[in-house]
Amino acid sequence: MPPASIKKPGSILRVAVAAPLMDAFDYLPPPPASDGCTATPSLLPGQRVLVPFGQGRRVGILLELRATSDQDPARLKTIERLLDARPVLGAADLTLIRWAADYYRQPIGEALFSALPARLRRATPILDEQVPGVSATVAGRTLDLETLRRAPKQRELLTLLRSRPEGIAVADLNARLGPCAATLRSLRARGLLETCRLAAAGPVTPAPGATAGPGPELNADQAEALRRVTAGLGGFSPFLLDGVTGSGKTEVYIRLIEAAAARGAQTLLIVPEIGLTPQLRERLSSRLPDPPAVLHSGLAAGDRERAWHRAASGRAGVVLGTRSAVFVPLPRLGLILVDEEHDASLKQQEGFRYSARDLAVRRAQLVGCPVVLGSATPSLETLNNAQTERYGWLRLPQRAGAACTPRTSLLDIRNQPLQAGLSAVLREEMRTEIAAGNQVLLFLNRRGYAPVLTCHACGWVGECPHCDARLTLHLARRRLWCHHCGWTRPLPDTCPDCKGTDLRMLGRGTERLDEELRPLFPGVGIARLDRDTTRRRGELARLLDEVRRGEVQILLGTQMLAKGHDFPGVTLVGILDLDQSLYASDFRAPERTAQLIVQVTGRAGRAERPGRVVLQTRHPEHPLLQSLLRDGYTGFATTALAERREAELPPFSHLALLRAEAPAAETASAFLNQARLIAEGLAEGHTEEAAEGRAERLAETGVQCYGPVPAPMERRGGRYRAQLLIQSPQRPRLQRFLAGWSVALRALPRSKGLRWSLDVDPQDM
Ligand code: ADP
Ligand code: ZN
Ligand code: ZN
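Residues numbered from 1 in each chain as written. Chains lettered and ligands numbered in written order. Predicted model: local features only at pLDDT ≥ 70, side-chain atom pairs only at ≥ 80, totals over all residues.

**What about the overall build of the protein chain?**
In step 1: The number of helices and strands found in the protein chain is 22 helices and 33 strands.
In step 2: For 765 residues, the compact-globule formula gives about 27 Å, and the C-alpha radius of gyration of the protein chain, at 29 Å, lands near that figure.
In step 3: Projected onto the principal axes, the alpha-carbon positions of the protein chain cover approximately 90 × 90 × 55 Å.
In step 4: Buried residues in the protein chain amount to 42% of all 765 residues.
In step 5: In the protein chain, the proportion of contacts linking residues at least 24 apart, taken out of those at least 6 apart, comes to 75%. (Helix = DSSP H or I, 4+ residues; strand = E, 2+ residues; numbered from the N terminus. Rg over C-alpha atoms; globule rule 2.2 N^0.38 Å. Buried ≥ 20, exposed ≤ 12 C-beta atoms within 10 Å, placed from the backbone. Contact = placed C-beta atoms within 7 Å.)

As structure tokens, this is what we get:
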């Protein structure tokens, strides 16, 4: 190829391959088709390509077309072929993902492919652009529906088809009516419908027949929130929707989705966990003309990809997804909602570490649309943005409808006789509520039977051989389990050390509470909700159903209880033991504890019945509990924010955490020590300087380095873990520092067994 043609704009292709590599690579376009008449397909950013890479081939994404390469063009390889006719990611998607990879210092290839359905990481074609559909035949359109009286499902399906003369995708039908293959077969056999092919990117026509339920009339606060966000449609405007549990936030989301849809815009609704909130999905489906496209990791790969295509083709009006949905291509995106924005699971904790909440705000900014962060217990970061008026602050201080706010009281259990961990006062209140036909919720944030198994003779304690942690006893399964690495062993009959037989169980988890409650409350329906009882598919839904039907009077469980479920019959909540978390080392522990208390509290008294919350503690004077009870969450948060400011912690500074782990403690700390020297050297501009004074000069650049120190649990899964903290009062400075530092870190020689990762804006320290 003559060198001149290399200079032509677009003759160098910048490609990110599906591999954890920081860089993209330059390639040459494929040769034109040899028959001379087939048009060469056009090359567009966002297209998937197959490229030679190392010894093999990789799938890549075309990032951009350039005129020149930094490398010798003669040494560039040629891409093998284009995988799709059209880009799988649009220009706006590429911009967001590249920004994210850059901000979080993560490999661009990994970031790009985390935005795509798993199958597209391989050289498979995207699903057929045409999707199978069905439409009513003339006979089907004119049939007297009464003749289908005995076949309600057929009637329902045909009625729907009649409202959509252009046909409906089979996948959409299934999403709306549940599996309906048999019904389709019957209708087809009777000549009432025919199959057709529908354009995947066809126009979005809400079914006129599907009447979205009108919903309640909004109260003044809801109406004001709706008005302010709606006024912002069409441009970037961030909001905090700060509303107590049951204040009608979801109702506001639904109205906002409708307002966006009326302008032809798609809405992206991000939630921390979908598996735990089937109710939200049902509610959206029953209120909106089109069922939401649902995206989360619990779905079968095919379902997930179909939902992804509905979103990416613009057909889906609403996309409901967990954190990775923040990257889903949405050509008509006009509104982003993040529910439970304080929830830690919005942050990905491994691999590509990003915050879906923060990226949602960034995405809204890039697209130019409103973003609403909703919570009853906003994160201190978001609350600070609202207080300083960077975000609009929408408040829903009252419960919607008739529900009233529960009263919370502290119960000092020092010197109190306890049964099953319950004080006499709490037991009495439980009896009263149950006798009145109400339900009681008990919150104990520890699963298993007992957190400690010990030998009364010699003091042996069951510990994990791989972690600095004790083994939890699971009695029903007769095993000891490490909740940190998953290691497990059968329950010993005798002490492994002294062969003594007096093994004792200390402490109480939900399994034990469940067992001990039964004799205390004979004949009372008791259900336990934790990861052990809900492991099997469908089990969570079954338990929730039992509670809703009133077959259960006492519901006990872990923090799964705090996540979004409605328990309208619950009038009393007992919080059994949060004392440990009052004194945890993580600076976010108070915030998380307060959120947990308020979220659990929010489960009580949702309907007409007033609720009551009893918090058992041995530290009734603790300032966190005091401020929470006296001033509510916002009062607590104001105090906590003042403390953060004092201590120069987020949101008043910005953090990055370099974590390292290795089979030997020295390997991890040696790496971090080296990392620290490099950090100090960067401040100097070179690394040969004597050590004295370097830390000070690093600080002068606006960046501080703390550590290395052992991780809170130093040994985990047989590996020693340590960390180095980087702090800066200004985000741009931290970013500038990390850009240089991360490159230098990657250039360090690899020690055996060492793994490290950089976490920007870490959530757990
Ligand atoms: P949140 O999402 O804040 O927990 P929801 O939107 O789920 O609140 O509302 C809580 C309950 O109140 C629901 O049963 C909902 O149907 C009802 N509700 C919401 N808004 C209103 C309103 N304006 N009038 C009457 N009931 C309402
Ligand atoms: Zn012993
Ligand atoms: Zn372990």
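**Some words on the nonpolar core**
In step 1: Membership of the largest hydrophobic core comes to 161 residues, with the highest contact counts inside it found for Val15, Leu256, Val319, Ala360 and Leu441.
In step 2: Every residue in contact with alanine 360, bar those within four places of it in the chain, is listed here: Ile270, Val326, Ile336, Val338 and Val371.
In step 3: Core analysis: the next-biggest nonpolar cluster, separate from the first, contains 14 residues, Ile168, Ala171, Ala175 and Leu187 among them. (Core = buried A, V, L, I, M, F, W, Y, C linked by C-beta atoms within 7 Å.)

**So, the confidence of the model for the protein chain**
In step 1: Of the residues in the protein chain, 91% have a pLDDT of 70 or more, and the chain-wide mean is 87.
In step 2: Note on residues 201-211: pLDDT under 50 across the span, and 19 contacts to partners over four residues away in sequence or across chains. (pLDDT = per-residue confidence, 0-100.)

**Some thoughts on the pairing of strand β27 (residues 554-557)**
In step 1: Along β27, one buried face is formed by Ile554 and Leu556 and the opposite face, lined by Leu555 and Gly557, is buried too.
In step 2: Relative to β27, strand β20 (residues 439-443) runs parallel, the two sharing 4 bridges. Residue leucine 441 lies in a different strand from β27, and its bridge partner there is leucine 555.
In step 3: Pairing analysis gives 4 bridges linking strand β26 (residues 526-529) to β27, with the strands arranged parallel. The residue bridging leucine 529 from the neighbouring strand is glycine 557, located in β27.
In step 4: Crossover connection from β26 via helix α16 (residues 539-548) to parallel β27: handedness right-handed. (Pairing = 2+ DSSP bridges. Right-handed = clockwise from strand over helix to strand, strands pointing away.)

**Considerations on the UniProt feature "binding site: Zn(2+) 1" (unreviewed entry) in the protein chain**
In step 1: In the numbering adopted here, UniProt assigns the feature "binding site: Zn(2+) 1" (unreviewed entry) to Cys455, Cys458, Cys495 and Cys498. What stands out for the annotated residues spanning 44 residues is how close their C-alpha atoms remain, the widest pair being 8.5 Å apart.
In step 2: Along the chain, cysteine 455 turns up in strand β21 (residues 452-455).
In step 3: Residue classification places cysteine 455 among the buried positions, given that 21 C-beta atoms sit within 10 Å.
In step 4: Each residue touching cysteine 455, except ones within four places of it in the same chain, is listed here: Trp460, Cys495, Asp497, Cys498, Gly500, Asp502 and Leu503.
In step 5: Along the chain, cysteine 495 turns up in the loop between β24 (488-490) and β25 (503-506).
In step 6: Residue class for cysteine 495 comes out buried when judged on the 20 C-beta atoms lying within 10 Å of it. (UniProt positions renumbered as here; feature names shortened; annotations may be inferred.)

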